[in-house]
There are 2 protein chains.
Amino acid sequence: MRMICVYQEFLTGAHRAQIQNTAEAQGFVPRFFTLDQFEEAKHCLQSCEVLYAHSADLLREAPASLKWYCCSYAGVDPYCKDPGLFANPDCLLTNSSCYGVTIAEHVVMVLLMLLRRMPEYEEVVRNRGWSNQLPIRSIRDNAFTILGTGDIGANVAERLRGMGASRITGLSRSGRAQEAFDEVLPVSQLDQVLPRTRNLIMALPGTAETAHILNGARLALLPQGAYVVNVGRGTAIEQEPLAEALNAGRLGGAALDVMDPEPLPQDHPLWTAKNLILTPHVSGNMTLGYTCDRNVEMFCRDLENYAAGRPLRGLIDRARGY
Amino acid sequence: MRMICVYQEFLTGAHRAQIQNTAEAQGFVPRFFTLDQFEEAKHCLQSCEVLYAHSADLLREAPASLKWYCCSYAGVDPYCKDPGLFANPDCLLTNSSCYGVTIAEHVVMVLLMLLRRMPEYEEVVRNRGWSNQLPIRSIRDNAFTILGTGDIGANVAERLRGMGASRITGLSRSGRAQEAFDEVLPVSQLDQVLPRTRNLIMALPGTAETAHILNGARLALLPQGAYVVNVGRGTAIEQEPLAEALNAGRLGGAALDVMDPEPLPQDHPLWTAKNLILTPHVSGNMTLGYTCDRNVEMFCRDLENYAAGRPLRGLIDRARGY
């Protein structure tokens, strides 16, 4: 009996039925556990070929016979950095890139908050004051650079285009053209693109290549008053020079949904940096129906691929971390 | 010599040239004044047929020979409520409905802030805390009711549709169908629409008909957890029951860019209402190039209409206030 261990909190009855039906059609038997059933899941996992979860603790308990770990999150850096997590060195790892829509809505929100000077206006209002004279900017007729052109970057690009952005430049490893972007350049051209980037959106996975990709030297390449948004991984930005550039007014503002480490230490300079919108890693989560539906849908499609011996769509190169 | 008094701060050299050329082609001579030249403008105005400005103080100084006052703002309620402002009772009044794009960007921003629980997350972050478990909502697959289907309402509808809204209901005086909306109903059906409205956006002019249109009884018709956004006029909402509904958790949140009066008195209950995003009337202003361009463009087109004896596109019925 080929078994699947499903260890998830977000599943509805319909989701379970969908997984059950797909699994049975492919000759598998799924077992469902919620997050309060760790011991039961761990016990069952010993005889499972597939694990659908987001838990390093549970993965660590998996036997060498586990052949595929489908992670229900998009960011799989914790699983790639620690090879000891996998008893089976050849265990397949897939991620779930189903968060593009909700994260893109977050990006549109914080971009507008920066362009429209909300951190400053919120300060005015907290003091019961009145001032409406700050010059604002707009998405319309404005140009944007998106570092990372995956599910998130493409969803951001579509929304900015819909709101009248004048030019959307993507940066990816390949530099391959993509529909939602006016141009896509290889990330090797980052230093050439930054000096003309007034609005930078970062949506990169956490890999060795992306660590501190926006370091102090590159932050200095951005024009005076530029805005930076990061929804990928906190490791992508060198945080101390960012805080300094914000406090000095060199940058117009920033919005970070991801930091390094999370949570930030209580004495970290980012807590008090000027015109910085911090959110506690909330841009993607499992509270939206369409995100959950897509997550289950992607697992089921890859389960069919797995059963048929076809390549998995969400496959991660564990050495590359991406 | 037919003269035009232009009393504006936002005009660029190109705008002045555009007005100059249009005026001359129609047999008019424009005179330009900035806001620090009130006395000079007042003196000139005595021999002018047209005034392009946004100043009740200057309008009050106009002679009975003034035939057309083009207001560069959208909201003309101050000019309609006080008939004594016009020495010429038949003076034409036009407004400038060029703020739809920037106000729609404001609406998208505050809607996302409400749906994604930003007031609560901002409180967490202000205390250097960490929590990312609040259930959020999305624009995608969500339904919206827009009270007021003019320039602002239509621009909001277009953006919500572009972000995947499932249904956009407009309410207008006529109930006439409009492209950006899934349906437009007459405002007389408001009481039927409110109980199924989880997201209400208000973009109405300030008239006798719209005063307290969302009174306490109608606020009570909204479902538990509904959101309310107002970018029209503060008079449209009865503010005390709104504050009570927010504090009681009956409403999920609200965002007001307009209040009554503005600024709010220091002891007003709205300053401390729960999940309320207050902004000091900033959704439309003259700091965006495209807004200014459109303002001048609309004046020039109506100047051609005026010279040719055609109806003015921005004409306001002063008795109706709209």
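Up top is the structure.
All values derive from a computational prediction rather than experimental measurement. (Residues numbered from 1 in each chain as written. Chains lettered and ligands numbered in written order. Predicted model: local features only at pLDDT ≥ 70, side-chain atom pairs only at ≥ 80, totals over all residues. Heavy atoms only, no water.)

1. Examining the overall build of chain A
- Of regular secondary structure, chain A possesses eleven helices and twelve strands.
- Across its three principal axes, chain A shows a C-alpha extent of roughly 70 × 45 × 35 Å.
- Burial analysis of chain A (322 residues in total) assigns 57% to the buried set.
- Taking the intrachain contacts of chain A between residues at least 6 apart in sequence as the baseline, contacts between residues at least 24 apart amount to 62%.
- On chain A, roughly 12900 Å² of surface is accessible, and the fraction owed to carbon and sulfur atoms is 49%.
- Separation between the mean location of the 30 positive side-chain charges and that of the 35 negative ones in chain A comes to 6 Å. (Helix = DSSP H or I, 4+ residues; strand = E, 2+ residues; numbered from the N terminus. Buried < 20%, exposed > 50% of the residue type's maximum accessible area, 1.4 Å probe, protein only. Contact = heavy atoms within 4.5 Å. Areas by Shrake-Rupley, 256 points an atom, 1.4 Å probe, with all protein chains shown as cover. Lys, Arg positive; Asp, Glu negative; His and termini not counted. Charge placed at Lys NZ, Arg CZ, Asp CG, Glu CD.)

2. Thoughts on the sheet that holds strand β5 (residues 92-94) of chain A
All names here are of chain A.
- The strand order across the open sheet built from five strands is β2-β1-β3-β4-β5, with neighbouring strands paired in parallel fashion. Two strands bound the open sheet, and with one partner strand each, they are β2 (28-33) and β5. Strand-to-strand twist across the sheet, computed as the mean angle between neighbouring axes with direction ignored, equals 15 degrees.
- Contacts from helix α2 (residues 38-45) reach β1 (2-7), β2 and β3 (50-53), with the element oriented near 160 degrees to β1. (Pairing = 2+ DSSP bridges. Axes fitted to C-alpha atoms, helices over the stretch in contact; angles between N-to-C directions.)

3. A look at the relation of the copies chain B and chain A
- Superposition of chain B onto chain A requires a rotation of 180 degrees combined with a translation of 0.0 Å along the rotation axis, giving an RMSD of 0.0 Å. Taken together, the rotation angle and the small translation identify this as a two-fold axis. By C-alpha distance to the rotation axis, the residue of chain B lying nearest is methionine 109 of chain B, at 2.5 Å. (Least-squares fit on C-alpha atoms with pLDDT ≥ 70 in both.)

4. Focus: unusual backbone geometry
All names here are of chain A.
- Going from glutamate 262 to proline 263, the amide bond is cis rather than trans, its omega being -10 degrees.
- Considering the arrangement of structural elements, one finds proline 263 in the loop between β11 (251-256) and β12 (276-278).
- With a phi angle near 55 degrees, arginine 128 is a residue other than glycine that sits in the positive phi range.
- Along the chain, arginine 128 turns up in the loop between α6 (118-126) and β6 (143-147).
- Residue histidine 212 is not a glycine yet carries a positive backbone phi of 50 degrees.
- Structurally, the position occupied by histidine 212 is in the loop between β9 (199-202) and α9 (216-219).
- Among the residues examined, histidine 212 registers a relative accessible area of 38% and is labelled partly exposed.

5. A look at the pattern of salt bridges
- Throughout the structure, instances matching the rule amount to 31 salt bridges over all chains.
- For arginine 60 of chain B, the salt bridge goes to aspartate 57 of chain B, with nearest N and O atoms at 3.2 Å.
- According to the relative accessible area criterion, arginine 60 of chain B is partly exposed, its value standing at 46%.
- A residue is classified by how much of its surface remains accessible, and aspartate 57 of chain B, at 48% relative accessible area, is partly exposed.
- In this structure, arginine 161 of chain B and aspartate 182 of chain B form a salt bridge, with 3.1 Å as the shortest nitrogen-oxygen distance. On the criterion of sequence distance, the pair formed by arginine 161 of chain B in helix α7 (residues 151-162) and aspartate 182 of chain B in the loop between β7 (167-172) and β8 (183-186) is long-range, its members being 21 residues apart.
- Taking relative accessible area as the criterion, arginine 161 of chain B reaches 37% and is therefore assigned partly exposed.
- Taking relative accessible area as the criterion, aspartate 182 of chain B reaches 37% and is therefore assigned partly exposed.
- Overlapping salt bridges, with partners in common, bring together Asp77, Lys81 and Arg233 of chain A in one network. (Salt bridge = Lys/Arg side-chain N within 4 Å of Asp/Glu carboxyl O.)

6. Looking at the interface of chain B and chain A
- Counting residues at the interface gives 47 residues for chain B, matched by 47 residues for chain A.
- Both sides of the chain B and chain A interface together cover about 4500 Å² of buried area, and 66% of this is carbon and sulfur.
- Among the residues chain B hides against chain A, the three largest losses belong to Arg116, Arg128 and Trp130 of chain B. Together they make up 18% of the total.
- Where chain B meets chain A, there are zero salt bridges. (Buried area = accessible area lost by both parts, 1.4 Å probe.)

7. A short note on the side chain of asparagine 199 of chain A
Residues and elements named next belong to chain A.
- Along the chain, asparagine 199 falls in strand β9.
- We classify asparagine 199 as buried; its relative accessible area is 1%.
- Of note is the side chain of asparagine 199, whose polar atom sits 2.9 Å from the side chain of asparagine 142.
- Only 2.9 Å separates the side chain of asparagine 199 from the backbone oxygen of alanine 143, close enough to count as a polar contact.
- In contact with asparagine 199, other than residues within four places in its own chain, are Leu115, Asn142, Ala143, Phe144, Thr145 and Tyr227. (Polar contact = N/O pair within 3.5 Å; in protein donor to acceptor, adjacent residues only side chain to side chain.)

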